[in-house]
Amino acid sequence: MAHVITDRCREAKDQSCVEVCPVDCIHPTAFLDGDESFQTTTQLYINPDTCIDCGACVPVCPVEAIFMADDLPVDQQKFIELNAAYYQ
């Protein structure tokens, strides 16, 4: 089960998680996808097909927006589908 970014990211869109991800599964980012893509998207998303569940992104997120899918709070369950949908 992949990690999931929740709506806590919407206020920050901090890219620290991207910098530590060994498989580049977090998008959009200004330096990988271009500034326009980064600016027009409300938050960052984790690709569930690429995420290797290493957890490197979790401790660097300043707003604690990243969870293992199995550990998501009930009110955040919809973000499993929202993260996956970004990559479809």
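Please refer to the structure higher up on the page.
These numbers were taken from a predicted model, which means no experiment stands behind them. Per chain, residue numbering runs from 1 following the sequence as it is written. Restriction of local features to residues with pLDDT of at least 70 applies here, the model being predicted, together with a cutoff of 80 or more for giving and counting side-chain atom pairs; totals for whole chains, interfaces and linings are based on all residues. Heavy atoms from the whole structure form the basis of all side-chain values; hydrogens and water molecules are not counted.

1. Regarding the overall build of the protein chain
Every helix listed is a DSSP run of H or I at least four residues long, and every strand listed is a run of E at least two residues long, numbered separately from the N terminus. If you tally the helices and strands in the protein chain, you get 5 helices and 4 strands. Listed N to C, the secondary structure of the protein chain is β-α-α-β-α-α-β-β-α in terms of helices and strands. Projecting the C-alpha coordinates of the protein chain onto the three principal axes gives extents of approximately 30 × 25 × 25 Å. Expressed as a percentage of its 88 residues, the buried residues of the protein chain come to 39%. Whether two residues are in contact is decided by their heavy atoms, any of which lying within 4.5 Å being enough. In the protein chain, 72% of the contacts between residues at least 6 apart in sequence involve partners at least 24 apart. To be clear on the numbers: accessible area is Shrake-Rupley with a 1.4 Å probe, and residue cover counts the displayed protein chains and nothing else. In the form shown here, the protein chain has an accessible surface area of approximately 4900 Å², with 48% of it arising from carbon and sulfur atoms. A residue counts as positive if it is Lys or Arg and as negative if it is Asp or Glu; His and the chain ends are not included. In plain terms, the charge of a residue is placed at NZ if it is Lys, CZ if Arg, CG if Asp and CD if Glu. Within the protein chain, the 15 negative side-chain charges are centred at a point lying 9 Å from the centre of the 4 positive side-chain charges. Note on exposure labels: buried denotes an accessible area under 20% of the residue type's maximum, exposed denotes more than 50%, and partly exposed covers the range between, all computed with a 1.4 Å probe on protein chains only.

2. A word on unusual backbone geometry
As a rule of thumb, non-glycine residues mostly have phi less than zero, and peptide bonds are mostly trans rather than cis. Residues histidine 27 and proline 28 are joined by a peptide bond in cis, for which omega reads -10°. Mapped onto the elements, proline 28 comes out in the loop between β2 (26-27) and α3 (30-33). For lysine 13, which is not a glycine, the phi torsion comes out positive at approximately 45°. For lysine 13, the position within the fold is in the loop between α1 (9-12) and α2 (16-20).

3. A few points about the state of the cysteines
Cysteine sulfur atoms that pair up within 2.5 Å are treated as a disulfide. What the rule picks out here adds up to 0 disulfides. The thiol of cysteine 21 is not disulfide-bonded; the next cysteine sulfur, from cysteine 25, is found 3.6 Å away. Look at cysteine 21 and you get buried, because its relative accessible area is 13%.

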